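# Inside the fold
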Amino acid sequence: MSLLHFVLINFFLVGFYAVYSLLEKGRSHFMFNRIYLIVAPIACFILPFVFEGASKTPIWIKVLPLTEILQENSILKTYSVFDWKDVIFYIGLIMSLLFILIQLYKIFRKSKKSFYKNYRGTKVYLLMDKEESYSFFNNIYLSANIGNSEEMILLHEFAHCKGRHSFDVIYLSVLRGLLWFNPIAYKWLGKAKENHEFMADNYVLQQGVNAQEYGTTLLTNVFNVQSPVISNSFNSKSTIRKRLEKFNHKNKYNMKQLILVPVLVGMTFVSMSLNEKQLTTQKVEQISEVDQEASFPGGEDSFYDFIASNFNYPKSSLENNSEGVVYVQFTVGSDGNLFDFEAVKSLKDKVLNEAALTLLKKMPNWIPAKKDGKNVKSIMILPISFKLN
């Protein structure tokens with residue numbers, strides 16, 4: 001996945017969220033909203049790859065270890081270079097997924113709960129040390145302090161179980177983990193859970209429960225309780241006002257939903273245009289792994305011996321006490337030829353930059369990378385650290 005694809009995925013998610021915010025106002029269909037909230041993120045991951053084009057040259061990109069060169073023309077040592085953007089991304093991803101596991105633990109841990117009864121095919125457990133009532137998959141966790149509200153709360157939580165709402169929550173929690181840096185991913189999960197509450201309330205009222213009595217039960221049970229984030233809870237404080245307003249909601253489709261047609265066409269056009277623009281400038285396909293990486297003839301030791309024996313610290317750089325790190329990028333062709341040398345991250349001392357490029361241009365042809373038995377192009381990025389004694 002390229003940076004362009006990554007940006008488009010997040011851009012489309014923001015766009016779909018804006019459309020949903022428009023659709024949910026006024027009359028809307030709860031089931032349509034649910035399908036939209038499930039399918040739209042999938043579309044975000046598909047649309048950036050639409051009409052990418054098939055005729056692209058595969059290419060392998062490799063960041064080599066940092067090479068440190070002393071004034072005496074000897075290599076001091078090499079370091080592995082981290083892409084801190086990747087490191088930060090994966091730290092956030094791990095923490096987000098860890099959060100999901102913690103929430104699951106809170107639900108399944110051995111607390112003071114006991115099996116109460118079966119209710120319409122679901123298992124009901126009494127929570128002796130908690131005030132909230134919630135459901136997760138086919139289990140209902142009922143507070144022992146609900147008084148005369150048991151039947152209404154059971155009906156509400158049964159609606160969540162029957163609708164398999166927990167699958168949506170898990171799926172969108174994983175999405176939030178993947179896009180943990182995008183605030184819309186958090187709002188998306190919140191909207192899905194909010195819509196689940198609307199659907200469950202609507203189900204309860206369809207069973208003939210008095211709306212005023214049910215509303216009173218909501219207000220009585222909603223305050224001073226906190227349920228696991230990953231569950232569907234009757235005691236959801238954040239949605240209480242909207243839930244009460246939706247009691248008289250006409251659950252039906254309307255013309256607003258047709259706005260999706262031009263939105264999808266527009267997003268597809270954007271994806272096609274950007275992909276086409278990218279292909280006209282660089283008709284390559286970055287591959288995530290190769291069977292054999294491109295290498296210097298004789299291996300790593302020979303490579304460093306070559307650098308140590310062929311580099312001369314420029315006299316002007318010595319006089320100016322210039323040192324630092326320059327990143328040199330070059331391409332290893334499928335035939336091993338070297339070309340497109342460029343200092344992608346240079347130093348203020350232009351002489352040192354040019355010295356690094358001149359050094360690497362002296363290298364012999366490399367052994368090309370292989371993928372599925374075929375030679376493939378490689379882009380190599382070599383960080384070189386120049387250091388005075």
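For the structure itself, consult the block above.
This is a predicted model, so every value here is computed, not measured.

### Observations concerning the pattern of salt bridges
- All chains considered together, the criterion is met by 4 salt bridges.
- A salt bridge links E24 to K191; its shortest N-O distance comes to 2.6 Å. One end of the pair, E24, is in the loop between α1 (3-23) and α2 (30-46); the other, K191, is in helix α6 (residues 183-206), with 167 residues separating them in the sequence.
- Note that R34 and D168 form a salt bridge whose closest N and O atoms lie 2.5 Å from each other. Taken together, the positions of R34 in helix α2 and D168 in helix α5 (residues 165-178) put the pair 134 residues apart, joining distant regions of the chain.
- What emerges from the salt-bridge pattern is a single network uniting E24, K191 and E194.

### A few points about the pairing of strand β5 (residues 122-127)
- Taken across its 6 residues, β5 has 5 buried, putting it largely inside the fold.
- Inspection of the sheet shows strand β4 (residues 113-119) paired to β5 by 6 bridges, in the antiparallel sense. Bridge pairing in β5 places S114 opposite L126.
- Hairpin connection, β4 to β5: the antiparallel pair is bridged by 2 residues, and R120 has positive phi, about 55 degrees.

### Brief notes about helix α4 (residues 150-162)
- With 13 residues, α4 should reach 18 Å at 1.5 Å per residue; the first-to-last C-alpha distance of 18 Å fits that figure.
- Across the 13 residues of α4, 10 count as buried, placing the element largely inside the fold.
- For α4, the full list of buried residues reads M152, I153, L154, L155, H156, E157, F158, A159, H160 and C161.
- R164 sits one or two positions beyond α4 and adopts a positive phi of about 55 degrees.

### What about helix α10 (residues 300-310)?
- Residues of α10 that are buried include every one of F303, Y304, F306 and I307, and no others. Seen along its axis, α10 keeps its buried residues to an arc of 150 degrees; they face one direction. Counted as exposed and oriented over 90 degrees from the buried face of α10: D301, D305 and S309.

### With respect to the packing of α2 against α6
- In the contact formed by α2 and α6, the axes pass within 9 Å of each other and the chain directions differ by 155 degrees. As summarised for this structure, α2 and α6 are arranged roughly antiparallel, according to the angle between their axes. As α2 runs across α6, the sense of the crossing is left-handed. The segment α2 lies against α6, with F30, M31, N33, R34, Y36, L37, A40 and P41 engaging W188, K191, A192, N195, H196, F198, M199 and N202.
- When the residues that make up the contact of α2 with α6 are grouped by side-chain class, the tally is 10 nonpolar, 4 polar and 2 charged.

### With respect to the side chain of N353
- With respect to the helices and strands, the residue N353 is situated in helix α12 (residues 350-361).
- Judged by its relative accessible area of 6%, N353 is buried.
- Excluding residues within four positions of it along the chain, N353 makes contact with V326, S346 and L347.

### Looking at the packing of aromatic side chains
- Counted according to the given criterion, the structure contains 29 aromatic pairs.
- Centroid distance F6 to F181: 5.4 Å. Interplanar angle 40 degrees. Geometry classified as tilted. Placement of the pair is F6 in helix α1 and F181 in the loop between α5 and α6, with a sequence separation of 175 residues.
- Assessed through its relative accessible area of 27%, F6 is described here as partly exposed.

### Digging into unusual backbone geometry
- The phi dihedral of R164 falls on the positive side, at around 55 degrees, and the residue is not glycine.
- As for its position among the elements, R164 is in the loop between α4 and α5.
- Look at N321: it is not a glycine, yet its phi comes out positive at around 55 degrees.
- With respect to the element layout, N321 can be found in the loop between α11 (315-319) and β10 (324-332).

### Some details on the pairing of strand β7 (residues 139-143)
- Within β7, 5 of the 5 residues are buried, which leaves it mostly tucked inside the rest of the structure.
- The alternating pattern of β7 places N139, Y141 and S143 and I140 and L142 on opposite faces, both of which are buried.
- Hairpin connection from strand β6 (residues 134-136) to β7: 2 residues lie between these consecutive antiparallel strands, with F137 at a positive phi of about 55 degrees.

### Digging into the nonpolar core
- Membership of the largest hydrophobic core comes to 33 residues, with the highest contact counts inside it found for F330, L360, M363, W366 and F386.
- Broken down by secondary-structure element, the contributors of at least two residues to this core are α10, β10, β11 (338-345), α12 and β13 (374-387).
- If you tally residues by element for this core, the top one is α12, at 6 residues.
- Among all residues touching W366, those that are not within four sequence positions of it are L64, A294, S295, F296, P297, F303, F330, V332, G336, L338 and M380.
- Counting 29 residues, the second largest nonpolar core, distinct from the first, contains Y17, F32, I184 and L189.

Cut-offs applied
- Residues numbered from 1 in each chain as written.
- Predicted model: local features only at pLDDT ≥ 70, side-chain atom pairs only at ≥ 80, totals over all residues.
- Heavy atoms only, no water.
- Salt bridge = Lys/Arg side-chain N within 4 Å of Asp/Glu carboxyl O.
- Helix = DSSP H or I, 4+ residues; strand = E, 2+ residues; numbered from the N terminus.
- Buried < 20%, exposed > 50% of the residue type's maximum accessible area, 1.4 Å probe, protein only.
- Pairing = 2+ DSSP bridges.
- Expected span 1.5 Å × (residues − 1).
- Arc of directions from axis to C-beta.
- Axes fitted to C-alpha atoms, helices over the stretch in contact; angles between N-to-C directions.
- Parallel < 35°, antiparallel > 145°, perpendicular 65-115°, else oblique.
- Left-handed = near helix turned anticlockwise from the far one by under 90°.
- Contact = heavy atoms within 4.5 Å.
- Nonpolar A, V, L, I, M, F, W, Y, C, P; charged D, E, K, R; others polar.
- Phe/Tyr/Trp six-rings, centres within 6.5 Å; stacked < 30°, edge-to-face > 60°.
- Core = buried A, V, L, I, M, F, W, Y, C linked by side-chain atoms within 4.5 Å.

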